[in-house]
Amino acid sequence: TMEYFTDNNLFFPELKEIDVSFSGVLQPQRPEIITFAAFVASKLKLKTKFDLRRGGTNWAVTSRKIMDDKTYIDILKKSKTVINISQKGTKEKGKPIHIITGRVVEAIACGAALIQYKPKDDTTLTLDDYYTPWKEYLPFSNRKELKEIIYLLKYEPDTISEIGHSGRQRYLECYNSVKSWERMLRISGDNIRN
């Protein structure tokens, strides 16, 4: 579900001074994708921030220090875009499925345009059930598409800003903490009555 129970003010957007960021643990596919994103962004002279969120081993483009929650939130609030690479972390009907992580909601709540890795042959990532691709977030499935998105960031920043704003508006209208608590309490009340 997209239920989110954190104080909305914690993720209120700030001045966007980081072009593209990623904060996460080291997992398969991530080092290759983040290293490529860092390479393209450096060629375009974009400001990046790629770090480990917790545990694991660093790769070449990251800092050597694992960040704390405050630093993580500050980076999200200042990012124009945030890359997310979901992992298949659970099963549904015996089949591995991608998890919609907290980073998805946190980045969107901060007004960053989410850049979501979404393999073309994988139908398990259900983010489209909540947000509209290319209107409220940016999907990519390969290097070429990721490069095109990073180029958009450099040459069409208003488009990126509009996607970040549209995603945040959807979050505020449908998935913020107040709405989530209202749904949870309504579902709990319905279950108690039944």
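Just so we're clear, the structure is a prediction, and the values are computed from it rather than from any experiment.

Draft legend 1. Geometry of the nonpolar core. Formed by 26 residues in total, the largest nonpolar core has its most connected members in F50, I83, I115, L146 and I150. When residues of this core are traced back to their parent elements, those giving at least two are β1 (18–24), α1 (30–43), β6 (113–117), β7 (138–140), α4 (143–155) and α5 (157–175). Looking at this core element by element, the count peaks at 7 residues for α1. Other than its neighbours up to four places away in sequence, I83 contacts V20, S21, F22, I34, A37, F50, R103 and I115.

Draft legend 2. Main features of a nonpolar patch on the surface. Taken together, W181, M184 and L185 make up a surface patch of nonpolar side chains, about 320 Å² in accessible area. In this structure, W181 sits in helix α6 (residues 177–193). Exposure remark for W181: the relative accessible area of 44% places this residue in the partly exposed category.

Draft legend 3. Looking closely at the confidence of the model for the protein. Predicted confidence across the protein gives a mean pLDDT of 82, with 77% of residues reaching 70 or more. Between the elements of the protein, mean pLDDT differs from a low of 67, seen in strand β4 (residues 88–92), to a high of 97, seen in α4. Counting interchain partners and residues more than four positions distant, the pLDDT-below-50 stretch residues 55–63 has 21 contacts.

Draft legend 4. The arrangement of the pairing of β1 in detail. With 7 of 7 residues buried, β1 is to be regarded as a mostly interior element. Direction of pairing for β1 relative to strand β3 (residues 79–84): parallel, over a ladder of 3 bridges. Residue pairing in the sheet places V20 in a bridge with T81 of β3.

Draft legend 5. How the structure looks around the packing of aromatic side chains. One pass over the full model with this rule turns up 4 aromatic pairs. On the basis of an interplanar angle of 55 degrees and a centroid distance of 5.4 Å, the ring pair of Y131 and Y175 is categorised as tilted. You can see Y131 sitting in the loop between β6 and β7 and its partner Y175 sitting in helix α5, a full 44 residues away along the chain. Relative accessible area serves as the criterion here: at 11%, Y175 is assigned to the buried category. Pairing Y151 with Y155 gives two aromatic rings, centres 5.9 Å apart and planes at 35 degrees, and the pair type is tilted. With Y151 and Y155 both in helix α4, this residue pair falls 4 residues apart, about one helical turn. For Y155, a relative accessible area of 55% gives the class exposed.

Draft legend 6. Structural view of the environment of A38. Within the secondary structure, A38 sits in helix α1. Residue A38 is classed as buried on the basis of its relative accessible area of 12%. Between the C-alpha atom of A38 and that of S21, which follows or precedes it by 17 residues, the distance is 9.3 Å.

Draft legend 7. Focus on α4. Here α4 is 13 residues long and its end C-alpha atoms lie 18 Å apart, about the 18 Å a rise of 1.5 Å per residue gives. Those residues of α4 that sit buried are E145, L146, I149, I150, L152 and L153. Buried residues in α4, looked at end-on, bunch into an arc of 150 degrees, giving them a common side. Exposed side of α4, more than 90 degrees from the buried face: K144 and Y155 are the residues found there. Turning to α4, the residues buried within the fold contact β1, α1, β3, β6, β7 and α5. The residue sitting at the N-terminus of α4 and contributing the capping side-chain oxygen is N142; that oxygen lies 3.1 Å from the backbone nitrogen of K144.

Analysis parameters
Residues numbered from 1 in each chain as written. Predicted model: local features only at pLDDT ≥ 70, side-chain atom pairs only at ≥ 80, totals over all residues. Heavy atoms only, no water. Core = buried A, V, L, I, M, F, W, Y, C linked by side-chain atoms within 4.5 Å. Buried < 20%, exposed > 50% of the residue type's maximum accessible area, 1.4 Å probe, protein only. Helix = DSSP H or I, 4+ residues; strand = E, 2+ residues; numbered from the N terminus. Contact = heavy atoms within 4.5 Å. Patch = residues over 30% accessible without salt bridge, like charges linked within 9 Å, V, L, I, M, F, W, Y side chains within 5 Å. Areas by Shrake-Rupley, 256 points an atom, 1.4 Å probe, with all protein chains shown as cover. Salt bridge = Lys/Arg side-chain N within 4 Å of Asp/Glu carboxyl O. pLDDT = per-residue confidence, 0-100. Pairing = 2+ DSSP bridges. Phe/Tyr/Trp six-rings, centres within 6.5 Å; stacked < 30°, edge-to-face > 60°. Expected span 1.5 Å × (residues − 1). Arc of directions from axis to C-beta. Polar contact = N/O pair within 3.5 Å; in protein donor to acceptor, adjacent residues only side chain to side chain.

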